[in-house]
Amino acid sequence: MDQLIQHLVNTLILGGTYALLGIGLTLIFGIMNVVNFTHGALYTVGAYLTYLAVAALGLDLFLALPVAILGGLLLGALIEIVLLRPLRGQDIDTTMLVMIGAGIVLQSGTLWIFGGVAKAVPSPFPEAPLQIGPASVSWLRLFVLGAALLLIGLTYALINRTKLGLAMRATFQDADTAALMGVNVRVIYTATFAMGSALAAAAGALLGPVYVVHPQMGGPAELKAFAIVILGGLGNVTGAAIGGFILALAEELGAGYISSGYRDAMGFLIIIAVLLYRPTGLFAKAERVG
Amino acid sequence: MPGRFTLTTAILLALAAATGARADTVRIGVNEPLTGAFAASGTYVVNGAKIAADEINARGGLLGKTLELVIEDNKSNPTEAAAVAEKLITSDKTPVMMGAWGSSLTLAVMPKLMDYEVPMLVETSSSGKITTSGNPYVFRISPPSALEAETFAPMVSKLGMKKVDFLVLNNDFGRGAATDFGKMLKEKGVQVGLTETMDQGAQDMSAQLAKLKGSDSDTIMITSAVDQLVLLFKQMAALGLKKRVITTGGSQNPDQIIAQAGSAAEGTMHLTTFLPWLPEKTPDPKATETFIAEWKKRGFQFAGVTESFRGYDGIRAIAHAIEKAGKAEPAAIAKAFWSVDFTGLNGPIRFAKSGPAGKESGQSKPDVYLIEIKDGRVVLPTL
């Protein structure tokens, strides 16, 4: 029983992280329809920016986070303007290959600049965990969960409650009509990609202090982000958030009670099952954006 | 079209000439992970290898020629490691190689050694399979996990271990360690409980740790590399998991653990194969000090020496074999490895036969030490 409670607490903490990874990608992959292979690299960049801000500039972790998010926003905008804008209208394979290339450049770039030795970002929280009955949880990870939920809420509100969000949804539903209605489509494309990238960087920035920062950290994160997006339904922010928690639950219980060797397989087994029975994802029908 | 053909031919001929023109050097192929998950460790090993090569060249080289390292990146990927070996043998014509850091990488290279009959010195890998599968071109200076377990055996009762759980990497390296240590512990009358595995790239192991927290064992033996160990110690502290921890495998890098896991690493114990913190306790204190001094002089972090000494010793062992062979040819070097005998930084390097009769691999028997992290420093535990 104690072990089950600990697994459930872990699920909540890990799920928040996964949800944050998922919503950034769902904007780009789901709404923009760009198979974004730079998501993991941007996650890595976010983590390194936090490391730089904390270790080199001596900033507080709380101040380093906005720095990393801003960095992700700018880098995302740059990628969109330089690489994606000239490719608009090209088929999905061409775009995908370019994004794979961009991902490799970013990953090798971080290795080149920072080297392969993992860096640790110091945490401002006490190391002794918070005890909740038989379960323990670290303060840092509680903070990460809170920050992730806040970012998810903000993204949801932006997409569904603001004019910018309306313009985004209109653009990706029908760019020509949106343009006729006075939406600056080029700006919307750049803004959406930049926002998705900023969320990836935010996830990296939040998780850098939890884990260690190294050039390969984005690979597994990216794989999970794709899984979460597919699970939750393409382009669905709420779906991606819930998908994150479902993946975390499957991994925790799978590793805890079936076999830890198949921990990563558990999540993908669920995804295969979901795709067999609900090919558009769990939450696509009810809330698909657009 | 004929014009282009001539140009291509000319370029190819020029390239061939450039490759063939290096008869004045003795080349050693180095197959290490310089990018990917093990980039940091592979780079350390290569930097250690370069120190050995420079030292040998400063003393006049090998067989009157300059020693040249042909360094290739296997990208921490077994498929790439095999491709790199093929390239080093067929295109660079290296008569002997060193590699390939991880067990899965080395195992992927081994069939190529059989195909081309070129020997390789294995500097880091610890899976038992490497020297028991009947590959006569493999010569290993790192301890396989069975040898590590054998050296650790006398300490088991002194530590008062009653029941042990394992948490290991889900690959040849990790599962091999769990099998070999589990066998040794059972012979010693210690109970073996859970064996949990984790993926090499996994960052969150809280599910496995929650399970280990609930078990009634007194000790957790962990087999992984340094980056994951840092994460594990931090996550154990977060879960309030307080059991004796002993890590195996020799890729723990205690200095990095101390720097990055902080107080979460206090009291953890590690089986290592080198004692750079206590050079006076190493088999050849003078050589250890010279190596560490040169390492620091080149501006590398001290933390790297627990990996880089293997690259240094590996190249020195290969150089001994080439000298004894008297010529830089694969068959002669493979034969000469059997008569290599000198003191490396972690004990004598001489190869004993291992594996099926008639096609034995060479296995050297280095020292294995148990160290403990106490007050943020590496100490030898009092047993």
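Coordinates for the structure precede this section.
It should be emphasised that the depicted structure is a prediction, and the values quoted were computed from it without experimental measurement.

Honestly, the overall build of chain A in this entry has me stumped. Any pointers?
Looking only at helices and strands, one finds 12 helices and 2 strands in chain A. Listing the helices and strands of chain A from first to last along the sequence gives α-α-α-α-β-β-α-α-α-α-α-α-α-α. Taking 2.2 N^0.38 as the reference for a compact globule, 290 residues should give roughly 19 Å; the C-alpha atoms of chain A span a radius of gyration of 19 Å, in line with that estimate. Seen along its three principal axes, the alpha-carbon backbone of chain A occupies a region of about 60 × 50 × 35 Å. Expressed as a percentage of the 290 residues in chain A, the buried residues total 55%.

Help me understand the interface of chain B and chain A, please; the structure alone is not making it clear to me.
Of the residues lining the interface, 31 residues belong to chain B; the matching set on chain A comes to 33 residues. Elements that contribute at least two residues to the side of chain B that touches chain A include exactly helix H2 (39-58), strand S7 (191-198), helix H8 (206-213) and helix H9 (226-239) of chain B. Partitioning the side of chain B that touches chain A into residue classes produces 12 nonpolar, 13 polar and 6 charged.

Before we go on, may I ask you to explain the pairing of strand S9 (residues 244-248) of chain B in this structure?
The two faces of a sheet get side chains in turn, since along a regular strand they alternate between them. Residues and elements named next belong to chain B. Burial of S9 is extensive: 4 of the 5 residues sit out of reach of the surface. Strand direction decides the pairing type here: strand S8 (residues 219-223) and S9, joined by 5 bridges, are parallel. Along S9, the bridge assignment pairs Met 221 with Ile 246. For the handedness criterion, the β-α-β arrangement of S8, H9 and S9 is classed as right-handed. Pairing between S9 and strand S10 (residues 269-272): 2 bridges, direction parallel. Across the sheet, Ile 246 pairs through a bridge with Met 269, a residue of S10.

Cut-offs used in this document
Numbers given to residues run from 1 along each chain, matching the order in which its sequence is written. A letter from A marks each chain and a number from 1 marks each ligand, given out in the order of writing. A pLDDT threshold of at least 70 governs which residues receive local features in this predicted model, and a stricter bar of 80 or more applies before side-chain atom pairs are shown or counted, although totals over entire chains, interfaces and linings include all residues. Secondary structure counts use DSSP, requiring at least four H or I residues in a row for a helix and at least two E residues in a row for a strand, with both numbered from the N terminus. Between the two quantities, the radius of gyration covers C-alpha atoms and the globule rule is 2.2 Å times the number of residues to the power 0.38. The exposure scheme places C-beta atoms from the backbone and then counts, for each residue, the other C-beta atoms within 10 Å of its own, assigning buried at 20 or more, exposed at 12 or fewer, and partly exposed in between. By definition, residues are in contact whenever their C-beta atoms, placed on the basis of the backbone, come within 7 Å of each other. As a working rule, the residues Ala, Val, Leu, Ile, Met, Phe, Trp, Tyr, Cys and Pro are called nonpolar, Asp, Glu, Lys and Arg charged, and the rest polar, with Gly in that last group. Here a strand pair is declared whenever DSSP counts at least two bridges between the two strands. A clockwise path from the first strand over the helix to the second, with the strands pointing away from the viewer, defines a right-handed crossover.

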